[in-house]
Amino acid sequence: MYRFLLTPRWWGINVFVVLAVPVCIFMGSWQLGRFEDRVQDHESAKAQAHERSTDGRRAEARPLDALLPVDQDTSGEQATATGRYGRQLLVPDRELDDKRGFYVLTLLRTDEGKSLPVVRGWLPGDASAAKAPAAPKGEVTVTGALQASESPGSNGVSAAGGLPRGQLGAISSASLVNLVRDDVYDAWVTLTEADPGMKTVPAAAPSNTGLDLKAFQNLGYTGEWFVFAGFVVFMWFRLFRREAEVARDARLGLLPDAAHAAPEAAPKP
């Protein structure tokens, strides 16, 4: 009854199923592992950011240039830089302690001739230049947590455009390149101790370590691969049952005779 399984056609089907199912299971397991790794990185990054934020005052600060470029290891480290404050900008729609407010960002022109974005603190409410305290005059040395440039639309960073003059959506060199004449560091610093009248902005976790869209894409791909494996098995079973039913009907003589199944040819005149 099942001799059809030995035909070349079914040999090909069986070989495909035997190869496809393990591949789908392997790929699904790999994507699940990627998701779990991202979850672990997320938790580790949160713990690291919290630890560095809590111990920031006791940590030994290092020169800014010694920590660049910013990566997962140097993000959140205490950096120090010397220079003079220049242009001041506001970063609206930033939350702190579940309250909406804005960052006060001032560009520090360092001795190297490049500008470093420095978040001097956070204030509640709508962004207003009148609320923001003026930056200290003269040469200053700042100390704060080193942060990587932000990307619009990630980690709560607004992707909205058309901001009023003097406001900035994302803290990044790409956003600042058209606003200042100096070269801008591809990094920024949030002060360990905010300037008077403002709250300190805690260091954020390094980029690409959160439960972002990529992480949930890995989880979605996991489900897709396992569904593919189940679909392959389902289709094999469906084809097998249909073929077995045809073979059973043929054995019982239930199939119509080929001569009767085909329409009779019209007689020639």
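None of these values were measured; they are calculated from a predicted model. (Residues numbered from 1 in each chain as written. Predicted model: local features only at pLDDT ≥ 70, side-chain atom pairs only at ≥ 80, totals over all residues. Heavy atoms only, no water.)

**Topic: the side chain of arginine 120**
Moving on, step 1. By the element assignment, arginine 120 lies in strand E4 (residues 114–124).
Moving on, step 2. Discounting chain neighbours no more than four positions away, the residues touching arginine 120 are Tyr85, Gln88, Val104, Thr106, Pro133, Ala134, Ala135, Pro136, Leu191, Ala194, Asp195 and Met198. (Helix = DSSP H or I, 4+ residues; strand = E, 2+ residues; numbered from the N terminus. Contact = heavy atoms within 4.5 Å.)

**What to know about the pattern of salt bridges**
Moving on, step 1. Tallied over the full model, the rule gives 7 salt bridges.
Moving on, step 2. Across the salt bridge formed by aspartate 93 and arginine 100, the nearest N and O atoms sit 2.9 Å from each other.
Moving on, step 3. For arginine 100, the salt bridge is made with aspartate 126, and the minimal N-O distance between the two is 2.8 Å. Residue arginine 100 is located in strand E3 (residues 99–110), and its partner aspartate 126 is located in the loop between E4 and strand E5 (139–147); the two are separated by 26 residues in the primary sequence.
Moving on, step 4. Residue arginine 100 is classed as partly exposed on the basis of its relative accessible area, which comes to 46%.
Moving on, step 5. Residues participating in the shared-partner salt-bridge network are Asp93, Arg100 and Asp126. (Salt bridge = Lys/Arg side-chain N within 4 Å of Asp/Glu carboxyl O. Buried < 20%, exposed > 50% of the residue type's maximum accessible area, 1.4 Å probe, protein only.)

**Quick look at the packing of aromatic side chains**
We describe a pair of aromatic rings using the distance from one ring centre to the other and the angle between the two ring planes.
Moving on, step 1. Tallied over the entire structure, the rule returns 3 aromatic pairs.
Moving on, step 2. Both rings, one in tryptophan 10 and one in tryptophan 236, keep their centres 6.3 Å apart while their planes meet at 85 degrees; by these two values the pair is edge-to-face. Note that tryptophan 10 is positioned in helix H1 (residues 8–54) and tryptophan 236 in helix H3 (residues 213–251), a separation of 226 residues in sequence.
Moving on, step 3. Ring geometry for tryptophan 225 against phenylalanine 228: centres 5.8 Å apart, planes inclined by 90 degrees, an arrangement best described as edge-to-face. (Phe/Tyr/Trp six-rings, centres within 6.5 Å; stacked < 30°, edge-to-face > 60°.)

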